[in-house]
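Structural overview for review
Listed below, chain by chain, are the residues.
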Amino acid sequence: MSGAGIRLGRPFGVPLLLAPSWFLFAAVIVWVFAPVVSVRVPGPGAYLVAFSYALLLLVSVLLHEVAHALAARWSGLRVSGIVLNVWGGHTSFQDGEVGPGRSLLIAVVGPVTNGALALAAHQAGELVRAQPGPPGVGELLLEALTLSNVLLAVFNLLPGLPLDGGHALEAVVWKVRGDRLDGTVAAAWTGRVLAVLTLVAAVAVPRLLGLRTDLTQVVWAGLVSALLWQGASQALSYATQRRRVPTLSARALQRPAIGVSARATVEEVVRAARAAIDAGATAGYHRDLEVVLVTDDGVPVAVVDTAALRQVPQERRTALGAGATARALPPRSWLDAGLTGERLLSAVTARPGEHVVLGPGGRIEGLLHTGDVAAAVTSR
């Protein structure tokens, strides 16, 4: 987990980060809640109580995210961190081999935690109200904490990505259809619908009830709607890209290449390249021929830079070694020409850069760039 913020420790061994944007959330809470508190606590004390409520909300969100983290860890996933921010929080964990059942558990455990907190705050409020005397600040905070945790639980259970309910819907569709990406698409489109309904409700519901539309509520609803739409759109894009992975092929994405001895001169490289082109080495490709320098044992060690090669004066080509115009390859930068799908994607992401594609007998068939694989997955 990376990013700027205040590191609050490692609960259960999970890095916890408080993003600077949370203070904006706290300021909004104080601005909205302080006038309510001022009825019982006049003066500057109302702002202190309102800030205390913001801290209680922070704890509620933290427990929500810790529940996600513990469920993910129990399911065998590696949790990289928890971030608390203006929108609440987010738990990052590495995707792994979990089925729809455990995915559903990870999704719903957060809202369930908020439901339990709401119940606990309500029970505590009942005990406080049973005490003699006028209502105090404690009762007010417990009432607000109960309502806020109910809202957190209900809102997060709405069945659309990126909300927890969206991940739950994804798991259910995954179980029914047998394809996780089908669930992702269904939950993402539902998330887009929720994004639109959130904004429409903020504008239309007050008018239908004969109330005045509050600009602050509309702006806040607009921000939430934009967040939902963005998260749902990212999920749709992810699903589209993941569906392309099985079609990946090293042979289909490689650039044509030949192997030439690392002892060769520039002139010998030029002659070898011309001979390969004349023999049809670039047939079916829309790319220039790449030249890979190999050791006497046939190990690829460098790739000739075509631009640098062309800048070598004609009179120096017979004396200058081709290595002077080449860029070195990292150790073991080669792939089997038969690699496809997930195995190919894993291979190039584990070692980004250029990869020599080797066919039967270690024969050089082409040169594969990580960027070409990424483009094949992400292109629209």
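Below, the structure is looked at part by part.

Criteria and cut-off values
Residues numbered from 1 in each chain as written. Predicted model: local features only at pLDDT ≥ 70, side-chain atom pairs only at ≥ 80, totals over all residues. Heavy atoms only, no water. 1 Å grid on protein atoms, 1.4 Å probe; cavity = no way out; pocket = protein on both sides within 12 Å on 5 of 7 lines; lining within 4 Å. Points joined across faces, edges and corners; volume = space filled by probe spheres on them. Helix = DSSP H or I, 4+ residues; strand = E, 2+ residues; numbered from the N terminus. Nonpolar A, V, L, I, M, F, W, Y, C, P; charged D, E, K, R; others polar. Pairing = 2+ DSSP bridges. Axes fitted to C-alpha atoms, helices over the stretch in contact; angles between N-to-C directions. Contact = heavy atoms within 4.5 Å. Phe/Tyr/Trp six-rings, centres within 6.5 Å; stacked < 30°, edge-to-face > 60°. Buried < 20%, exposed > 50% of the residue type's maximum accessible area, 1.4 Å probe, protein only. Lys NZ or Arg CZ within 6 Å of the ring centre and 35° of its normal. Arc of directions from axis to C-beta. Parallel < 35°, antiparallel > 145°, perpendicular 65-115°, else oblique. Left-handed = near helix turned anticlockwise from the far one by under 90°. Core = buried A, V, L, I, M, F, W, Y, C linked by side-chain atoms within 4.5 Å. Expected span 1.5 Å × (residues − 1). Bend = angle between axes of the 7 residues up to and from the residue.

1. Re the layout of surface pockets
What the second largest pocket holds in volume is close to 290 Å³. When residues of the lining of the second largest pocket are traced back to their parent elements, those giving at least two are α9 (266-278) and α10 (306-310). With 4 residues, the top contributor of residues to the lining of the second largest pocket is α9. By residue class, the composition of the lining of the second largest pocket is 7 nonpolar, 1 polar and 4 charged.

2. Focus on the sheet that holds strand β10 (residues 354-358)
The 7 strands are arranged β8-β7-β6-β5-β11-β10-β9 in an open sheet whose pairing can be described as mixed. Of all strands in the sheet, those with a lone pairing partner are β8 (326-328) and β9 (334-336), marking the two edges. If you compare each strand with its neighbour and ignore which way they point, the axes differ by 40° on average. Note: strand β6 (residues 290-294) against strand β7 (residues 300-304), 3 bridges, orientation antiparallel. Within β7, the position partnered with valine 294 by the bridge is proline 300. On the sheet, α9 packs against β5 (255-261), β6 and β7 and is oriented at approximately 140° with respect to β5. On top of the sheet, helix α12 (residues 370-378) reaches β5, β10 and β11 (364-369); it is set at about 65° to β11, its chief contact.

3. So, the packing of aromatic side chains
According to the stated counting rule, one finds 3 aromatic pairs in the structure shown. On the basis of an interplanar angle of 75° and a centroid distance of 5.2 Å, the ring pair of tryptophan 22 and phenylalanine 23 is categorised as edge-to-face. For tryptophan 22, a relative accessible area of 3% corresponds to the buried category. Ring centres of phenylalanine 33 and tyrosine 53 lie 4.6 Å apart, and the angle between their planes is 35°; this geometry places the pair in the tilted category. Taken together, the residues phenylalanine 33 in helix α1 (residues 22-37) and tyrosine 53 in helix α2 (residues 45-74) connect sequence positions 20 residues apart. For the pair phenylalanine 33 and tyrosine 53, a shared accessibility class is recorded, and that class is buried. By way of ring pairs, the aromatic residues Trp22, Phe23 and Phe51 are connected into one cluster. We note arginine 102 situated over the ring of tryptophan 74; from NZ or CZ to the ring centre the distance is 4.5 Å.

4. Structural notes on α12
Buried within α12 we find Thr370, Asp372, Val373 and Val377. Along the axis of α12, the buried residues cluster in a sector spanning 165°; they form a single face. Packing partners of the buried residues in α12 comprise α7 (215-244), α8 (250-253), β5, α11 (341-350), β10 and β11.

5. Some details on unusual backbone geometry
Of note, the bond from leucine 161 into proline 162 is cis; its omega dihedral lies within 30 degrees of zero at 10°. Tracing the chain through its elements places proline 162 in the loop between α4 (137-156) and α5 (164-177). The backbone phi angle of arginine 332 is positive, close to 55°, even though this residue is not glycine. Mapped onto the secondary structure, arginine 332 falls in the loop between β8 and β9. Looking at arginine 332, the relative accessible area reads 58%, which means it is exposed.

6. Digging into the packing of α1 against α4
Two numbers describe how α1 lies on α4: the axes approach to 12 Å, and their chain directions differ by 140°. Classified by the interaxial angle, the pair formed by α1 and α4 is oblique. Note that α1 runs across α4; the crossing there is right-handed. Between α1 and α4, the residues in contact are Phe33, Val36 and Val37 and Leu140, Leu141 and Ala144, respectively. Classifying every residue of the contact of α1 with α4 gives 6 nonpolar, no polar and no charged.

7. Observations concerning the nonpolar core
With 36 residues, the main nonpolar core has Trp22, Phe33, Val37, Tyr53, Ile82 and Leu84 as its most contacted residues. Mapped onto this core, the elements with two or more residues apiece are β2 (16-18), α1, α2, β3 (79-85), α3 (100-129) and α4. Among the elements that make up this core, the one with the highest residue count is α2 (13 residues). Apart from the residues within four sequence positions on either side, tryptophan 22 is in contact with Phe51, Ala54, Leu55, Leu58, Leu84, Asn85 and Val86.

8. Notes on the side chain of threonine 146
Along the polypeptide, threonine 146 turns up in helix α4. With sequence-adjacent residues up to four places away left out, threonine 146 is seen in contact with Ala118, Ala121 and His122.

9. Quick word on the pairing of strand β4 (residues 88-93)
Bridging between β3 and β4 involves 6 bridges; their strand directions are antiparallel. Residue pairing in the sheet places glycine 81 in a bridge with serine 92 of β4. The turn linking β3 back onto β4 is made up of 2 residues.

10. Description of the environment of threonine 213
Counting through the fold element by element, threonine 213 comes out in the loop between α6 (180-208) and α7. C-alpha separation for the pair threonine 213 and valine 203, spaced 10 residues apart in sequence, amounts to 6.6 Å. Among residues more than four places away in sequence, those in contact with threonine 213 are Ala202, Val203, Pro206, Arg207 and Val218.

11. Quick notes on α1
For α1, built from 16 residues, the straight-helix expectation of 22 Å at 1.5 Å per residue is met to within 8% by its first-to-last C-alpha distance of 21 Å. Residue tryptophan 31 marks the point of greatest curvature in α1, where the axis turns by about 25°; the proline proline 35 follows within four residues. Among the residues making up α1, those that are buried are Trp22, Phe25, Ala26, Ile29, Val30, Phe33, Ala34 and Val37. For α1, the elements touching its buried residues are β2, α2, β3 and α4.

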